[in-house]
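Chain by chain, the residues:
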Amino acid sequence: MDVLTDTIGISIYYKANLLYPFKFNPLADNLIFDNVLLWFSSLGINFSAFLVLVAAVYYGMRYLSCKKMFPKHSYTAFLIFLAAFLSYSSATNGFKAGMAASVFCCAIAYRKRKLLAACLLLISWGIHHAMHVCVIAYLIVSLCKNTRVYYIIWIFSALI
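Just so it is clear, the model here is predicted, and its values are computed rather than measured.

Tallying secondary structure elements over the chain gives nine helices and zero strands in all. Shown N-terminal to C-terminal, the secondary structure of the chain runs as helices and strands in the order α-α-α-α-α-α-α-α-α. Projected onto the principal axes, the alpha-carbon positions of the chain cover approximately 55 × 35 × 35 Å. A total of 160 residues make up the chain; the buried ones form 33% of that total. Taking contacts inside the chain between residues at least 6 apart in sequence as the whole, the part at least 24 apart equals 61%. Summed over its atoms, the accessible surface of the chain is roughly 10400 Å², and 72% of this surface lies on carbon and sulfur atoms.

The structure is reproduced here in structure tokens:
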């Protein structure tokens, strides 16, 4: 049974740092997420309000990416995203990863706007450090148009 382990752990960390003076930590594991969390906590903002911010990023970025990728069927695409019930797994064990994945989807949706896509990729990586795999894959696909190379990389990765 899942008991919202990620949410509980982050809640405890958030409350332990409540009203402490904020100091930007350039060595944080998740540069953006950890520093925003500590900043909100230093302001004395309730943890529930912080979770509203997380949800706004999670759902807002997914909606924007659905709207951009499926302009004629954006509501249907977003409904399918909601029906996939990814929110539960993100909330129970990995809402940082879920939020980072939503920002990453937005980067894919806005891939033709290179600067915006690059910013979104960096934000995604800053929210959750495990997104480096996705960001590197995105860069490989963006820079190399030879599909044979993709297969070689995939086989090499599978062997490793």
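So, about a nonpolar patch on the surface. Among the surface-exposed residues, Phe22, Phe24, Leu31, Ile32, Trp39, Leu43 and Ile123 lie close enough to one another that they form a single nonpolar patch of about 600 Å² accessible area. Tracing the backbone shows Ile123 in helix 7 (residues 114-127). Owing to a relative accessible area of 34%, Ile123 belongs among the partly exposed residues under this scheme.

Phe33, Leu37 and Phe50 are the most contacted members of the largest nonpolar core, which totals 25 residues. Broken down by secondary-structure element, the contributors of at least two residues to this core are helix 1 (5-16), helix 2 (31-42), helix 3 (47-69), helix 6 (95-109), helix 7 and helix 8 (132-143). Here this core takes eight residues from helix 6, the largest share from any one element. Here Phe50 is in contact with Tyr14, Phe33, Val36, Leu37 and Phe40, once residues within four sequence places are set aside. In this structure, Tyr58, Cys66, Ala77 and Phe78 belong to the second largest nonpolar core, which totals five residues.

Their axes nearest at 4 Å, the elements helix 2 and helix 7 cross at an angle of 65°. Across the interface between the two elements, Leu31, Ile32 and Phe33 of helix 2 pack against Leu122, Ile123, Gly126 and Ile127 of helix 7.

Of the positions making up helix 4 (residues 74-83), those classed as buried are Ser74, Ala77, Phe78 and Phe81. The buried residues of helix 4 occupy an angular sector of 95° when the element is viewed end-on, so they sit on one face. Facing away from the buried surface of helix 4 by more than 90 degrees, the exposed residues are Tyr75, Leu79, Ile80 and Ala83. Taken from the residues just after helix 4, Phe85 is the one with a positive phi, measuring 60°.

Parameters at a glance
Residues numbered from 1 in each chain as written. Predicted model: local features only at pLDDT ≥ 70, side-chain atom pairs only at ≥ 80, totals over all residues. Heavy atoms only, no water. Helix = DSSP H or I, 4+ residues; strand = E, 2+ residues; numbered from the N terminus. Buried < 20%, exposed > 50% of the residue type's maximum accessible area, 1.4 Å probe, protein only. Contact = heavy atoms within 4.5 Å. Areas by Shrake-Rupley, 256 points an atom, 1.4 Å probe, with all protein chains shown as cover. Patch = residues over 30% accessible without salt bridge, like charges linked within 9 Å, V, L, I, M, F, W, Y side chains within 5 Å. Salt bridge = Lys/Arg side-chain N within 4 Å of Asp/Glu carboxyl O. Core = buried A, V, L, I, M, F, W, Y, C linked by side-chain atoms within 4.5 Å. Axes fitted to C-alpha atoms, helices over the stretch in contact; angles between N-to-C directions. Arc of directions from axis to C-beta.

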